[in-house]
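Observations on chain architecture
The residues making up each chain are set out below.
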Amino acid sequence: MKIKALILGSIFTLFISVYVQSQNKLVPGLNARKGCPAFFSKLKKGTPVTIVYFGGSITNHPGYRIYSEKWFKEQYPKSKITAINAGIGGTGSDLGVFRMDDDVIKFNPDLVFVEFAVNDAGTDSLVICRSMEGIVRKLRKSCPQADICFLYTLNQGMLAELMNGHLFKSMRYMEKIADYYGIPSINFAPDVIRLLKKDSLVFKGEKGVDYGTKKVFTNDGTHPTFDYGHIIYTQTLIRSFLAMKNMKPAKAVTGFKSPLYRDNYELAKSVSISEFKKSNGWKPVLSTDRIYKYYQASSKIFPDLVVSDNPSDVVEIKFKGTVVGLYDVLGPSSGGFIAEIDGKDKLSVRRFDVYCGNVFRSGYKLLPVMDNGVHTIVIRPDTAYFDKKAIYSSRPSQITDNSYFQPFNTYIGKVLLIGEVLH
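Below: a short report on this structure.

Reading the values: the criteria
- Residues take numbers from 1 onward in each chain, read along the sequence in its written order.
- The predicted nature of this model means local features are confined to residues of pLDDT at least 70 and side-chain atom pairs, given and counted, to a pLDDT of 80 or more, with totals for whole chains, interfaces and linings taken over all residues.
- Only hydrogens and water are set aside; all other atoms, that is, all heavy atoms of the structure, feed into the side-chain values.
- Counting from the N terminus, the helices are DSSP H or I runs at least four residues long and the strands are E runs at least two residues long.
- With the radius of gyration taken over C-alpha atoms, the globule rule is written as 2.2 Å times the number of residues to the power 0.38.
- Each residue gets one of three labels from its accessible area relative to the maximum for its type: buried under 20%, exposed over 50%, partly exposed in between, using a 1.4 Å probe on protein chains only.
- Note on contacts: a residue pair qualifies if any of its non-hydrogen atoms lie within 4.5 Å across the two residues.
- Methods summary: accessible areas were calculated by the Shrake-Rupley approach with a probe of 1.4 Å, and residue burial reflects only the protein chains presented.
- Side-chain atoms within 4.5 Å link the members of a nonpolar core, which is a set of buried Ala, Val, Leu, Ile, Met, Phe, Trp, Tyr and Cys residues.
- Classification of ring pairs uses Phe, Tyr and Trp, with its six-membered ring standing for Trp, and accepts pairs whose centres are within 6.5 Å; under 30 degrees between planes counts as stacked, over 60 as edge-to-face, and the remaining range as tilted.
- Placement of a positive charge over a ring is assigned whenever Lys NZ or Arg CZ falls within 6 Å of the ring centre and within 35 degrees of the normal to the ring plane.
- Grid points spaced at 1 Å over the protein atoms alone were grouped into cavities, where a 1.4 Å probe fits but cannot get out, and pockets, open sets with protein on both sides within 12 Å along at least five of seven lines, with lining residues defined by an atom within 4 Å of a point.
- Grid points are joined across faces, edges and corners, and a volume is the space filled by probe spheres set on the points.
- Any residue that is not Ala, Val, Leu, Ile, Met, Phe, Trp, Tyr, Cys, Pro, Asp, Glu, Lys or Arg is counted as polar, Gly included; the first ten are nonpolar and the last four charged.
- For this analysis, a polar contact is any N or O atom pair within 3.5 Å, provided that within protein one partner can donate a hydrogen and the other can accept it, and provided that sequence-adjacent residues contribute only side-chain to side-chain pairs.
- Strand pairing is defined by DSSP finding a minimum of two bridges between the two strands.
- Call a crossover right-handed when, viewed with both strands pointing away from you, the route from the first strand across the helix to the second goes clockwise.

Things to note about the overall build of the chain
- A tally of regular secondary structure across the chain gives 11 helices and 18 strands.
- Its C-alpha radius of gyration of 22 Å places the chain within 12% of the 22 Å reference for a compact globule of 423 residues.
- Expressed as lengths along the three principal axes of its C-alpha atoms, the size of the chain is roughly 65 × 60 × 40 Å.
- Split into buried and exposed, the 423 residues of the chain put 53% on the buried side.
- Of all intrachain contacts in the chain linking residues separated by at least 6 positions in sequence, the fraction that spans at least 24 positions is 81%.
- Carbon and sulfur atoms make up 52% of the accessible area of the chain, which totals about 19,600 Å².

Below is the structure:
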């Protein structure tokens, strides 16, 4: 109760300080471009609106997402505001573009926040540009009424570049897309850097250390603390929206803008595993299965999830296109899979990592990009033994039941495609 009261008190203080700061014309971190005029027009009229928060674990956590939702509702009580949590931990824009139909577009949103800067930190530049442009173009075509806003979160690995006044590389690639389409972007870094330079903030706090009057921004170098770090993010976001609320709509443009990247991922989609031919050994994972007791998301993500631990079992994916991948589940009982590409190349992919302690989570793996044409991919479980203990031993505090690590299962929920399924 003390923490909850502290957070609510901080939010109250936040609203006052944000209002004062919003009177300044210069808003650090905001590149308003064309703003979000359609969204604000609906709020001013009292029209119901839907906001989708689309991103990774920083968005999924009940931090800036919850705080900003509360602020919008308090500022615009006449509008019924529906907020959708479309954040999935450990995932970037390269999965995000495949998630668009199920996790964003189906809600017919009026505003979409897109937050992938941290999880895209190590992603290839071309993949980021193709994915982010695909996200924008899918939204513009399916939900032309929706405004879009890019959010740039940060982690410890970005600090050196940000402290020197430069955007981190993932942010720079995203800015190319934002510039081309006139999308506003909010960079959370300037406010954090300002506090770091004033020596009033500790970016990564260590357990048991007393930092005196300094505030701890994260405990792990990535995820903001709920009673301070997420408050800073929320301040930046709200101040930026206050600065944009009176922007006038840009002149209407006829037709749809030609793509900046010809091979962008606007045709990306995810297809249920039930749509593909598979051997009888694959078994459905029921909602009562024990993996969901320790699952970091909802069982609704994969209504047709299947599992096998038999290397003789196959899934055959026939399609015409360029990109294929698996949207799956990783956890203590995961092993890997073998992908045979067009009857020639074989690729072994492990689906177990250091984070597979005593939790299961959604994962994904994209295979190498192929020439645009007809392809057949055969997927088999890979039960070859590897030492799970050597991998998870760096996080022993998570482990409560070693029996979870004995199976080497392959879980498949959906197939990620840029192309068309062939039956």
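Back to the text.
With respect to unusual backbone geometry
- Even without glycine at this site, N108 takes up a positive phi of about 50°.
- The topology assignment puts N108 in the loop between α5 (93–103) and β4 (111–115).
- Note on N108: relative accessible area 46%, which makes it partly exposed.
- Phi is positive for D199, which is not a glycine, with a value near 60°.
- The topology assignment puts D199 in the loop between α9 (189–197) and β7 (201–204).

Side note on the nonpolar core
- F54, F113, F150, L154 and F241 are the most contacted members of the largest nonpolar core, which totals 104 residues.
- It is helix α10 (residues 229–244) that contributes the most residues to this core, 7 residues altogether.
- Membership of the second largest hydrophobic core comes to 21 residues, among which are I273, W282, V349 and L367.

Topic: the packing of aromatic side chains
- The tally for this structure, following the rule as stated, stands at 21 aromatic pairs.
- Both rings, one in F39 and one in F241, keep their centres 6.4 Å apart while their planes meet at 85°; by these two values the pair is edge-to-face. A residue pair is termed long-range when its members are at least 10 positions apart, and F39 in helix α2 (residues 37–45) and F241 in helix α10 qualify at 202 residues. F241 carries the same exposure label as F39, and that label is buried.
- Seen in terms of ring centroids, Y292 and Y295 are 5.3 Å apart; in terms of plane orientation they differ by 80°. Their pairing is edge-to-face. An identical accessibility class is assigned to Y292 and Y295; each is buried.
- Just above the ring of Y180 sits the side chain of K257; from NZ or CZ to the centre is 4.0 Å.
- Positioned above the aromatic ring of F408, the side-chain terminus of K388 is 4.3 Å from the ring centre.

What about the environment of G419?
- Relative to the assigned elements, G419 resides in strand β18 (residues 410–421).
- Overall, G419 belongs to the buried group, its relative accessible area being 14%.
- For the pair G419 and S298, spaced 121 residues apart in sequence, the C-alpha to C-alpha distance is 27 Å.
- Residue contacts for G419: discarding those within four places in its chain leaves L267, K269, K320 and G321.

Thoughts on the side chain of T50
- Tracing the chain through its elements places T50 in strand β2 (residues 49–55).
- What T50 contacts, discounting residues up to four positions off in sequence, is T82, I84, F107, P109, D110 and L111.

Examining empty space enclosed by the protein
- Throughout the structure, instances matching the rule amount to 1 cavity of 30 Å³ or more.
- Estimated volume of the largest cavity: approximately 40 Å³.
- Contributions of two or more residues to the lining of the largest cavity are made by β13 (315–330), β14 (336–341) and β18.
- Within the lining of the largest cavity, the residues separate by chemical class into 5 nonpolar, 5 polar and 2 charged.

Points about the side chain of K414
- Within the secondary structure, K414 sits in strand β18.
- Of the residues examined, K414 reaches a relative accessible area of 12% and is grouped as buried.
- A polar contact is formed between the side chain of K414 and the side chain of D102, at a distance of 2.8 Å.
- With residues near it in sequence (within four places) discarded, K414 still touches D102, S270, V271, S272, I273, I301, F302, G325, L326 and Y327.

Remarks on the layout of surface pockets
- Roughly 1,400 Å³ of internal volume is contained in the largest pocket.
- Those elements that provide at least two residues to the lining of the largest pocket are α3 (57–60), β3 (81–87), α5, β13 and β16 (361–366).
- Taken together, the residues of the lining of the largest pocket break down into 13 nonpolar, 20 polar and 13 charged.

Brief notes about the pairing of strand β5 (residues 147–152)
- Counting buried positions along β5 gives 6 out of 6 residues, so the element sits mostly inside the fold.
- Residues D147, C149 and L151 of β5 are buried on one face, and the alternating residues I148, F150 and Y152, pointing to the opposite face, are buried as well.
- Sheet topology places β4 next to β5; 5 bridges connect them, and they run parallel. Along β5, the bridge assignment pairs F113 with C149.
- Tracing the backbone out of β4, into helix α6 (residues 125–142) and back to the parallel element β5 gives a crossover that is right-handed.
- Relative to strand β6 (residues 185–187), β5 runs parallel, the two being bridged by 3 bridges. In the sheet register, Y152 faces β6, and the bridge partner there is N187.

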